[in-house]
Every structure is written in structure tokens, then in C-alpha cells.
Amino acid sequence: MERVYITGASGFLGRYLLKYAPKPYRVLGQYRQHPVRAFQGHVQVVQQDLLANDWKPLYNFAPQAMIHTAAQASIDACQLHPDDAWEINYRTTCKLVDVARELNARFIFLSSDVIFDGQKGDYQEEDPPVPLNVYAETKVAAEQYILEHHPDAVVVRPALFYGQSLNGRPSFTEVMYKNLKAGKSVYLFTDQYRTPVLVNNLATALWELVESDYQGILHIGGSQKVSRYEMGLILCEVFNLPRDLIIPIPSDQANQAAPRPRDCSLNIGRARSVLKTRLLDVRSGLNLAFH
Ligand SMILES: NC(=O)c1ccc[n+]([C@@H]2O[C@H](COP(=O)([O-])OP(=O)(O)OC[C@H]3O[C@@H](n4cnc5c(N)ncnc54)[C@H](OP(=O)(O)O)[C@@H]3O)[C@@H](O)[C@H]2O)c1
């Protein structure tokens, strides 16, 4: 394995994939509208709108593996603009999978934990997806296409990821921290549960998967199930911030465009057995990311 192509290199996760790219690889990172500075000599970047359907840069680079992170990752934007969401999240993914097959390249896809309906939580890889919104529908359709059309593929379902952004667009943990530090109240849901994963952990796990021969679905989350409210309280503890600024609210008060699952916590038993990367709890993750 020598060459790895990464879509969405300018995104929250994509920037970490570039940062942690192991030296033996030559990496080509694709971005669309947010230019990326290449971190190290073995990492190059290319401006490419994946909707333009021009796969020349990809054929020229001829990767042996691809990590596909580019997406409309906003759940509400997908609900408000479903045609655009299907175009980038599903149809473009199918085209990339076809190219990957043609090039004989391993394909690693970023799906999501929100493909479940959230009725039971602790979801395992075998549990059937039940999408509640357009974003989840596009991800499930893409998963199915990949698993049916490419034998050497991994469908990674990451939990909500958090950490320090490298792309100048603050992550939700940074927004929360900034507001609390400025003495502003932060309203957080008490009734939606996830197993948040530190973005650094997710990136190193994905690099492990490039190297491994694992095929099929893999759930990658942190080791702790929390609501956003509980996460806020942990953040206050870690940074010594006033916890009375965290205001608990039920999610139905938020007026979000798309319905969300109540509990899409992931069971990470398989990831623990497949990966060396230690998947951290929220307190350890925040300490590692910000101290
Ligand atoms: N964030 C989470 O907590 C979370 C949780 C579960 C799953 N995921 C999934 O994980 C993946 C990465 O998420 P993220 O938070 O890192 O996403 P992000 O920060 O929103 O980044 C999205 C990336 O996709 C690129 N992109 C979007 N439309 C494109 C197009 N038409 N052509 C080319 N590139 C395009 C963007 O490029 P430009 O910015 O340069 O335009 C950007 O690099 C996504 O597939 C997302 O659905 C995310």
C-alpha cells in the first residue's frame, strides 16, 4: 500500500486524517471550497468538486486505498435540501465506489450512528438501520451500495465526534467552551444519547483500517454513553467552568428541521477487538484534546 486518496480533507475529520497520515504513504487530500495547507511533504491536496464528475485527479493518482469522508454532514441541511443531500451523500459515493473497484482500491466510507431509530441504544453492527431523516436515508442507501458492489470495503459508523478543530470552523465542543468561558448560558439536550468519539481517535482508527484487511461494517464510538447535557457538565469539570451556565432542555424545544434518534449509542466491542487505538471516554478525550 503506497497511495491513499482522502475526500473531504478540509472537513473536521479530514484535517485530522491529513495530520496523522503515516509517513510511508503518499496522500492526496481532496477539498472543495475551503483550501487546505498540506501538513507534511508526503501529503498533497487537490481542489475538486466531487459533483463535477471529473475523476481525472483520482485516476492519475491511482490510489490503493480511499477514505471517503466528504458529505453534506449537516442533518438539518439534508432535510431542507434533500436533492442536494442525495447527490453528494449517495450518488457521488456510488461513483467513487465504482472508480475504487476499477482501480482495485480499498474503500473506507464514513457513515453515521444516526442511521438507527434510537429506540434501543447500544447498537451492534448487525442491528438493522431504521433511518428517521433524509441524512440517515442517504447514508443507509450508500452503505448498501458499497457492501453490494465492493468486496474490499469498510463501512465505518462513527458516533458524534468532538475535539479541537484544525480547519478554523469551531467544533461544538469549542463553541460550548467559548460561550461558557464568556459567561454565557449554554442550552443542552438531556434526552438524546450518543457515544461521542474524540476526532483524533477516529482518525488514527481509520489509518489502522487502511492497513488492515477488515471488511464490512464497524462501529467506532467513545467508551461512554452521554447526553449533550452530561457532556457539557463533564466539560465544565475538565476546564473548571461554572456548571450552572449549562441549562438542561428537552430536544423538542429546539425546533430542528430533522427528527433525531433518542439513543443511538454504539456498541464498540468489535472495534475494540479489531483496533489498537484506545477509544476514550469523554473526560479523557477532552483532556487529551485541549490540555
Ligand atoms: N461530525 C460528526 O460528528 C459526524 C458524526 C458521524 C458521521 N459523520 C460523517 O463523517 C464524515 C466527515 O464529517 P465532518 O464533520 O468532518 O464533515 P465536515 O466538516 O462538514 O466536512 C465535509 C467535507 O466534505 C466536503 N464536501 C462537501 N460537499 C462536497 C462536494 N460537493 N465536493 C467535494 N467535497 C465536498 C467539504 O469540502 P469543503 O469544506 O472544502 O467544501 C468538507 O471537506 C461525513 O461523511 C459525515 O457525514 C460526521
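Thresholds applied
- Residues numbered from 1 in each chain as written.
- Predicted model: local features only at pLDDT ≥ 70, side-chain atom pairs only at ≥ 80, totals over all residues.
- Heavy atoms only, no water.
- Salt bridge = Lys/Arg side-chain N within 4 Å of Asp/Glu carboxyl O.
- Helix = DSSP H or I, 4+ residues; strand = E, 2+ residues; numbered from the N terminus.
- Buried < 20%, exposed > 50% of the residue type's maximum accessible area, 1.4 Å probe, protein only.
- Disulfide = S-S within 2.5 Å.
- Phe/Tyr/Trp six-rings, centres within 6.5 Å; stacked < 30°, edge-to-face > 60°.

A separate point is the pattern of salt bridges. Within the structure shown, the criterion is met by ten salt bridges. Ionic pairing is found between D263 and K225, a salt bridge with its closest N-O pair at 2.6 Å. Residue D263 is found in the loop between β13 (246-249) and α9 (269-274), and its partner K225 is found in the loop between β11 (216-220) and β12 (226-227); the two are separated by 38 residues along the sequence. Owing to a relative accessible area of 44%, K225 belongs among the partly exposed residues under this scheme. Notably, a salt bridge pairs R283 with E237, separated by 2.9 Å at the nearest N-O pair. Taken as a pair, R283 in helix α10 (residues 282-290) and E237 in helix α8 (residues 228-239) lie far apart in primary sequence, 46 residues in all.

The buried count for helix α1 (residues 12-19) comes to seven of eight residues, which makes it a mostly enclosed element. Listed in full, the buried residues belonging to α1 are F12, L13, G14, R15, Y16, L17 and L18.

Inspection of the entire model under this criterion finds zero disulfides. Summary of cysteine pairing: C78 is not part of a disulfide, and the nearest cysteine sulfur, belonging to C94, is at 15 Å.

Counted according to the given criterion, the structure contains seven aromatic pairs. Relative to F161, the ring of F12 lies with its centre 5.7 Å away and its plane at 35°, an arrangement referred to as tilted. Of this pair, F12 sits in helix α1 while F161 sits in strand β7 (residues 161-162), and the two are 149 residues apart along the sequence. Their ring planes at 70° and their centres at 4.9 Å tell us that Y177 and F239 sit as a pair that is edge-to-face. One end of the pair, Y177, is in helix α6 (residues 172-181); the other, F239, is in helix α8, with 62 residues separating them in the sequence. A relative accessible area of 29% places Y177 in the partly exposed class. Using a relative accessible area of 14% as the deciding quantity, one classes F239 as buried. Every member of this aromatic cluster is reached through a ring pair, and the members are Y177, F239 and F290.

None of this, on its own, says anything about what the molecule does.
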